[in-house]
Amino acid sequence: MTVQPLLPVEDAFARLIALARPLPGETVALAQAAGRWAAEDIAARRTQPVTDLSAMDGYAIRFADLPGPWEVIGESAAGSRFVGDVAAGQAVRIFTGAAMPPGADCVLVQEEALRDDAWLRLAGEGPGHVGRNVRRRGLDFAEGETLIAAGERLTPARLALAGVAGLGDVPVRRRVRVAIAATGDELVAPGMPVRADQLPETNRLMIAAQLAGLPVEIVDLGILPDDPARLESAFSALDADLLVTSGGASVGDHDLVRPALEAVGARMDFWRIALRPGKPMMAGTLGDAVVIGLPGNPVSAFVTTMLFVRPAVCAMAGAADPQPPTRPAVLGEPLAANGPRTDYMRAQLVDGRVHVADTQDSSMLRTLARADCLVVRPPHAPEAAEGETVTILGLA
Ligand SMILES: Nc1nc2c(c(=O)[nH]1)N[C@H]1C(S)=C(S)[C@@H](COP(=O)(O)OP(=O)(O)OC[C@H]3O[C@@H](n4cnc5c(N)ncnc54)[C@H](O)[C@@H]3O)O[C@H]1N2
Ligand code: MOO
């Protein structure tokens with residue numbers, strides 16, 4: 001592959017998502033499905049509620065009988081319904097979630113009732129209309145209705161919805177096996193002694209932490225040296241759905257990742273994006289696996305993980321919409337015009353206004369650690385004044 005012009009961010013994203021096809025499906029128990037994506041549409045297997053239920057503790061009555069009095073003829077509790085009909089002048093003691101007895105059409109709450117043995121009198125306004133304090137059959141959904149679409153995430157609420165809809169397990173995509181390798185002769189494991197020409201290695205743990213919460217299995221390939229043979233043997237032994245490397249992505253004599261990938265048969269789709277930080281990022285395939293080569297600068301690795309690796313994982317895990325969400329924010333100070341690359345600037349939101357860090361060097365982790373959002377500046381964006389609206393990506 002020759003050095004090509006820088007690819008616009010949107011094109012790089014579209015090309016990567018085209019490579020990151022959803023993995024095969026599997027069926028898992030609801031309790032194991034949190035955070036996975038539905039592999040198929042999920043339809044209700046029952047109607048909810050399946051019968052009219054009381055929404056309050058009180059008395060099931062006929063609206064036409066108001067203002068009473070009534071004779072209490074029995075009790076209906078959740079799990080043990082009253083058997084029989086409610087005739088004119090009759091009431092059934094009822095509790096929240098209990099089936100409405102046939103004949104009754106509303107519920108008098110107990111705070112508005114006076115009970116004397118079998119007799120009941122009104123002690124307030126009473127229900128205002130037929131159906132008051134009653135949850136009608138099918139209020140939430142009816143059997144056969146699609147409740148969760150393929151490609152939607154199984155959030156806590158959707159898991160509960162699938163459960164009440166009668167499912168015990170759900171069709172999802174298999175977890176994504178993500179192999180992560182750092183490359184560079186200068187790198188040592190964090191916490192180890194560091195000589196003057198060395199640096200603690202932090203990209204692997206940062207990238208893995210950025211993927212926490214997604215359905216992944218992380219395979220740690222360790223720190224690989226700047227040695228073609230060692231890189232090639234690690235890449236050729238790959239057993240993963242996605243390989244993420246960091247470092248060695250640029251144009252220097254020690255930037256060996258792309259040649260090593262190609263030497264073991266990878267087909268690289270693109271290299272170098274009109275993006276700051278993260279320009280030297282590359283992507284392609286190695287056998288059935290997707291490969292993403294990130295730049296080594298820690299902030300570049302962070303931003304490209306957020307913009308590309310996470311969405312690729314989401315897409316492989318079955319997400320219909322893997323794009324990271326952006327939102328508008330008001331600038332707290334002016335910004336200079338942007339150059340030809342989309343710029344993702346570390347920034348902080350203070351009292352609803354966004355403040356961009358003074359120095360944006362892609363080696364500076366302290367600035368990144370302070371930031372709670374990135375301001376997105378499109379290529380050639382003109383100067384922006386304080387108070388103007390810009391687009392941000394949240395980091396939390
Ligand atoms: N002549 C050019 N030089 C560079 C260009 C260019 O276009 N022409 N691009 C620059 C840009 S932009 C970036 S970003 C960097 C990234 O290059 P590499 O991916 O080859 O990164 P390395 O050289 O391996 O490392 C850069 C920097 O980051 C440190 N590093 C690397 N890996 C880790 C890690 N796992 N944990 C912590 N720190 C890491 C490494 O020690 C270097 O200091 O290239 C520019 N150069
Ligand atoms: O793209 Mo590099 O990440 O600008 O430092």
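All values derive from a computational prediction rather than experimental measurement.

Asks: Looking at this model, I keep getting lost on the sheet that holds strand S17 (residues 242–246). Mind explaining?
Replies: Hydrogen bonds along the backbone pair up the strands of a sheet, which may run parallel or antiparallel. On the basis of which strands lie adjacent, the open sheet formed by 6 strands has the order S16-S13-S17-S21-S20-S18 and mixed pairing. For this open sheet the edge positions go to strand S16 (216–224) and strand S18 (267–271), each flanked by a neighbour on one side alone. Neighbour-to-neighbour, the strand axes of this sheet turn through a mean angle of 20°, independent of strand direction. The sheet contact formed by strand S13 (residues 176–183) and S16 spans 7 bridges and is parallel. Paired with Ile-180 across the bridge in S16 is Asp-220. The sheet contacts of helix H1 (residues 9–19) involve S18, strand S20 (282–286) and strand S21 (289–294), and relative to S18 the element is tilted by about 160°. Relative to S21, helix H6 (residues 298–316) is tilted by about 170°, and along the sheet it contacts S13, S16, S17 and S21.

Asks: How should the sheet that holds strand S8 (residues 113–116) be read in this particular structure?
Replies: In spatial order, the strands read S7-S4-S6-S5-S9-S8; together these 6 strands make up an open sheet with mixed pairing. Looking at the sheet topology across the chains shown, the edges are occupied by strand S7 (106–109) and S8. Going across the sheet, the axis of each strand differs from the next one's by a mean of 40°, ignoring polarity. Alignment of strand S4 (residues 58–61) against S7, held across 4 bridges, turns out to be antiparallel. Looking at the pairing, Gly-58 lines up with Val-109 of S7.

Asks: Would you mind showing me how to read the site of ligand 2 here?
Replies: Close to ligand 2 lie Arg-276, Pro-277, Gly-278, Lys-279, Pro-295, Asn-297, Ser-300 and Ser-362. Considered class by class, the residues forming the shell around ligand 2 number 2 nonpolar, 4 polar and 2 charged.

Asks: How should I be thinking about the site of ligand 1 in this particular structure?
Replies: The environment of ligand 1 is formed by 24 residues, the closest being Asn-203, Gly-247, Ala-249, Ser-250 and Gly-296. Among the residues making up the shell around ligand 1, the classes are represented as 9 nonpolar, 11 polar and 4 charged.

Asks: How do you make sense of the confidence of the model for the chain when you look at a structure like this?
Replies: Regions with low pLDDT carry predicted coordinates that are not meant to be interpreted in detail. Residues of the chain with pLDDT of at least 70 account for 99%, and the chain-wide mean is 97. If you check the scores for this complex, the pTM reads 0.95 and the ipTM reads 0.98.

Asks: Mind showing me how you'd approach H1 here?
Replies: Residues lying three or four places apart along an α-helix face the same way, a consequence of the helix completing one turn every 3.6 residues. Taken residue by residue, H1 has Val-9, Ala-12, Phe-13, Leu-16 and Leu-19 as its buried positions. When H1 is viewed along its axis, its buried side chains cluster within an angular range of 125° and face the same direction. In H1, the exposed positions that point more than 90 degrees away from the buried face belong to Glu-10, Asp-11, Ala-14 and Ala-18. Taken together, the buried residues of H1 touch S18, strand S19 (275–276), S20, S21, H6 and strand S23 (342–350).

Asks: For this particular structure, what's the right way to read the UniProt feature "domain: MoaB/Mog" (unreviewed entry) in the chain?
Replies: Mapped onto this structure's residue numbering, the UniProt feature "domain: MoaB/Mog" (unreviewed entry) falls at residues 179–315. Helix makes up 31% of residues 179–315 and strand makes up 30%, while its end C-alpha atoms are separated by 17 Å.

What counts and how
- Residues numbered from 1 in each chain as written.
- Chains lettered and ligands numbered in written order.
- Predicted model: local features only at pLDDT ≥ 70, side-chain atom pairs only at ≥ 80, totals over all residues.
- Pairing = 2+ DSSP bridges.
- Helix = DSSP H or I, 4+ residues; strand = E, 2+ residues; numbered from the N terminus.
- Axes fitted to C-alpha atoms, helices over the stretch in contact; angles between N-to-C directions.
- Contact = placed C-beta atoms within 7 Å.
- Near = placed C-beta within 6 Å.
- Nonpolar A, V, L, I, M, F, W, Y, C, P; charged D, E, K, R; others polar.
- pLDDT = per-residue confidence, 0-100.
- Buried ≥ 20, exposed ≤ 12 C-beta atoms within 10 Å, placed from the backbone.
- Arc of directions from axis to C-beta.
- UniProt positions renumbered as here; feature names shortened; annotations may be inferred.

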